[in-house]
Amino acid sequence: MGDFLQQLINGLALGSIYGLIAIGYTMVYGIIGMVNFAHGDLFMLSAFVALIFFLVLTQILGMTSLPLVFFLVLVGAMVVTSVWNWTIERFAYRPLRGSFRLAPLISAIGMSIFLSNFVQVAQGPRNKPIPPMFEHVIELTPGAGFDVTISYKQLIIMGVTAVLLVAFWWIVQKTALGRAQRACEQDRKMAALLGVDVDRTISLTFVMGAALAAVAGSLYMLQYGVVNFSDGFTPGVKAFTAAVLGGIGSLPGAVLGGLLIGLIETFWSAYISTDYKDVAAFSILAVTLIFLPSGLLGRPEVEKV
Amino acid sequence: MAGKASPKAPGRAGEQLARAGLEGLVAALVMVGLSIPIIAWRTQTDPNNNLVLGSRWPLVAIAVATVFLARFMAGLLSDWRMRALAAAAAAALVWGIDRLSSGHAGAGFLYLALGAIGLAVSLFVDARLARPASAPSRRPISSHRLARVTQFGAAAGIACLFAFPLVAAHFLGSSGSLKWINNYGIQILIYVMLGWGLNIVVGLAGLLDLGYVAFYAVGAYTYALLSTTYGLSFWICLPAAGALAACWGLILGFPVLRLRGDYLAIVTLAFGEIIRIVLINWSDLTNGYAGIASIPNVTFFGIPFVDDKTGFAAHFGLPFSPIQRIIFLFYLILCLALLTNFVTLRLRRLPIGRAWEALREDEIACRALGINTVNTKLTAFALGAMFGGFAGSFFAVRESFVSPDSFTFIESATVLAIVVLGGMGSQIGVALAAIAMIGGTEILRELDFLKRIFGHNFDPAQYRMLIFGFAMVLMMVWKPRGLISTRRPSILLGAAKAQGAREPA
């Protein structure tokens, strides 16, 4: 029982990170129908940005208050990663809009290769460890006969994720930008006719996805304490799986899918086999797409002739 | 974009200059944002295994100045070739200033001069190009003549390919030609073959497959395991590898019959990764990460390439040379690739090939016409996989070593990029794309002269994949439909011919 609850907490923390990345996939797919392959590597890049900001704040500026440092790192990573994704969209995807269907996909794969190798060249191929932070743990079940703990890190991860989700939910549902996004999602041409600046809306969608990926990257760095240039691919595919599982195009679906993938992966590692934990995620992806292509919360796609 | 600026009227020059300057400033500002953490600081591990930061501000300054200058010039120029030239010239100019400031006067002035000349040329030529010239109208070549030219060109090209290793070995000697035959010839031909194999699935049948490397791996491991465990020869394992890979094509193809487009791509990607993870973790069979080493070498139909009496050289009364094995491998992959091409070209004329093309153009119409889409898709998967299996088996015999590291997603992405860049369905386009992409990345290994420009710590090979990824993006932006984009169905009815010349959307 104790072990189960512990894995549940670990799984939810991991799932929050996947959920944050998955939102980037789902928003971009929803609005321009493209699998943004470079999103996983953008996540990795943002983890490096967070790492460097962390070192700058603690070593060069000598700040000691960890919560403040972490907050600044988060904000800085969000801003820089947004600039990156804005530039990527402008440079690699916008010229291909309305072109041949496969072109943006190939362009995104190229961008993904470029980003991971750029980070490798710029920062070196070795693992980058940071000193552990927020080491405290909270005993959840005192006197129950088994140990279930939640670490400060996990609390921060879940807390930050929850706050950001509410904020982005509000943006998409209540603001003019969110309305424009939903309009573009339904019918881009009609939205343009009604005065929505489609290019700007798509750019902002990429920026929002990047900001959430940056949060995921910072939290990932916090949780694991080490980043590597090749860390983008597998979390990227898993987050895409999460987006598909939840129903692509659906924001709550992406979060739900992320949490599910995190839980499945954690339980699989705990009870079945660590070696094949990636196989579990990939199999879910295949099975979902084959048997439930519209996902848990997605709208079924109607094919018109 | 400033590129669509109207032809320059004299009175507008100042306005245009100001606008270009503003665009340059914005681009420079974005570049500052991009480079601040990642380029400006480099994380290093100090002796105590702690991360410390080293700053690289001059690099940031170079990047920002280059971007500013390039964007500024792009605002002034309207022809894209001149923009590219101006961007290169801007980089040279900025680099020259950097060299000057670090005390290398000679190199500094050289690059300054080069950059200035480049900028001047681009401005001058662009002004000439902007003038409306009476462009000579290109006469369309008749399709009949085009077909004959293509046929002749293909025959000549194949003849050249067959002569290539012998000529290279004759003129460059055994060690001098090794690089050309092995790194360029064989390496490119492997990708040509993979490209042609995947072309059946992606180019003809229109099924987007991002897990093609799985079949390549199946072929490679088939040969590796059969030959090391049972001592079977390459010539027995080759068909076995093809057959097994085809079976896997069917097994993986079956569940994804209902999927299309991007979803299909992602699921096939997942299958490719699953096979790789199984190869890593099923250590009893595959020896895990360590891979399988000392796989038997290729033999000349039973005669080994060794330096003794039983060897190939002694048999044919030639002096022994290791290049003979390489040359044989070259011919082997050339024949395998040509076989792939031949089979594809023939299949296109069979009902099944027509069905593939119909499927690619419109699946619903295809079904309405009574074409069995299940069989059509599965044959495409199986045949594509079979050729992937052949190529994988060749890979194993060439390297004498296989490990899961050789079958990563990058390989699938490379092959798919070759097919898409080649123009989805065009055989010659795929070959050209393979030459451009694989040959291009191989050339990057050679660029030692760049060390003289960028200093001795500069290792061009490190930038191979970086440039590869960037080139993939650029090529897509430049030609989204591929190099040779005449994607015409093999057969058209008379009335449809006029329409068929247009691209289907």
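Calculation criteria
Residues numbered from 1 in each chain as written. Chains lettered and ligands numbered in written order. Predicted model: local features only at pLDDT ≥ 70, side-chain atom pairs only at ≥ 80, totals over all residues. Pairing = 2+ DSSP bridges. Helix = DSSP H or I, 4+ residues; strand = E, 2+ residues; numbered from the N terminus. Contact = placed C-beta atoms within 7 Å. Nonpolar A, V, L, I, M, F, W, Y, C, P; charged D, E, K, R; others polar. Buried ≥ 20, exposed ≤ 12 C-beta atoms within 10 Å, placed from the backbone. Arc of directions from axis to C-beta. Axes fitted to C-alpha atoms, helices over the stretch in contact; angles between N-to-C directions. Parallel < 35°, antiparallel > 145°, perpendicular 65-115°, else oblique. Left-handed = near helix turned anticlockwise from the far one by under 90°.

Below, the discussion takes up the pairing of strand E2 (residues 51-55) of chain B. It is a general feature of regular strands that their side chains alternate between the two faces of the sheet. All names here are of chain B. With five bridges connecting them, strand E1 (residues 41-45) and E2 associate as antiparallel partners. Bridging from a neighbouring strand, Thr-43 pairs with Leu-53 of E2. What sits between E1 and E2 in their antiparallel hairpin is a turn of five residues, with Asn-49 showing a positive phi close to 65°.

A few words now on the interface of chain B and chain A. On the side of chain A, 54 residues touch chain B, which itself brings 51 residues to the contact. Sorting the residues of the side of chain B that touches chain A by element identifies helix H1 (13-35), E1, E2, helix H8 (261-281), helix H15 (409-422) and helix H18 (464-478) of chain B as the ones contributing at least two each. Element by element, the count of residues in the side of chain B that touches chain A is highest for H8(B), at 12 residues. Residue composition of the side of chain B that touches chain A, grouped by class: 39 nonpolar, seven polar and five charged.

Looking now at unusual backbone geometry. All names here are of chain B. Located in the positive-phi region is Asn-287, a residue other than glycine, with phi close to 65°. Looking at the element boundaries, Asn-287 is found in the loop between helix H9 (283-286) and strand E3 (299-300). By C-beta crowding, Asn-287 is classed as partly exposed, having 18 other C-beta atoms within 10 Å. The residue Ser-294 is not glycine, and still its phi comes out positive at about 45°. Its place among the elements puts Ser-294 in the loop between H9 and E3.

Residue and element names in this part refer to chain A. Residues Ala-180, Gln-181 and Cys-184 constitute the buried set of helix H6 (residues 176-186). Down the axis of H6, the smallest arc covering the buried residues is 100°, so these residues share one side. Looking at the buried residues of H6, the elements they touch are helix H1 (2-32), helix H5 (152-174), helix H7 (188-193) and helix H8 (198-224).

A few words on the packing of helix H3 (residues 66-93) of chain A against helix H4 (residues 102-123) of chain A. Residue and element names in this part refer to chain A. Packing of H3 against H4 brings their axes to within 10 Å, and their N-to-C directions diverge by 130°. By the angle between their directions, the pair H3 and H4 is classed as oblique. The interaxial crossing formed by H3 with H4 has right-handed handedness. Listed contacts from H4 to Ile-88, Ala-92 and Tyr-93 of H3 are Pro-104, Ser-107 and Met-111. Here the residues of the contact of H3 with H4 sort into five nonpolar, one polar and no charged.

Geometric values such as these leave the question of function open.
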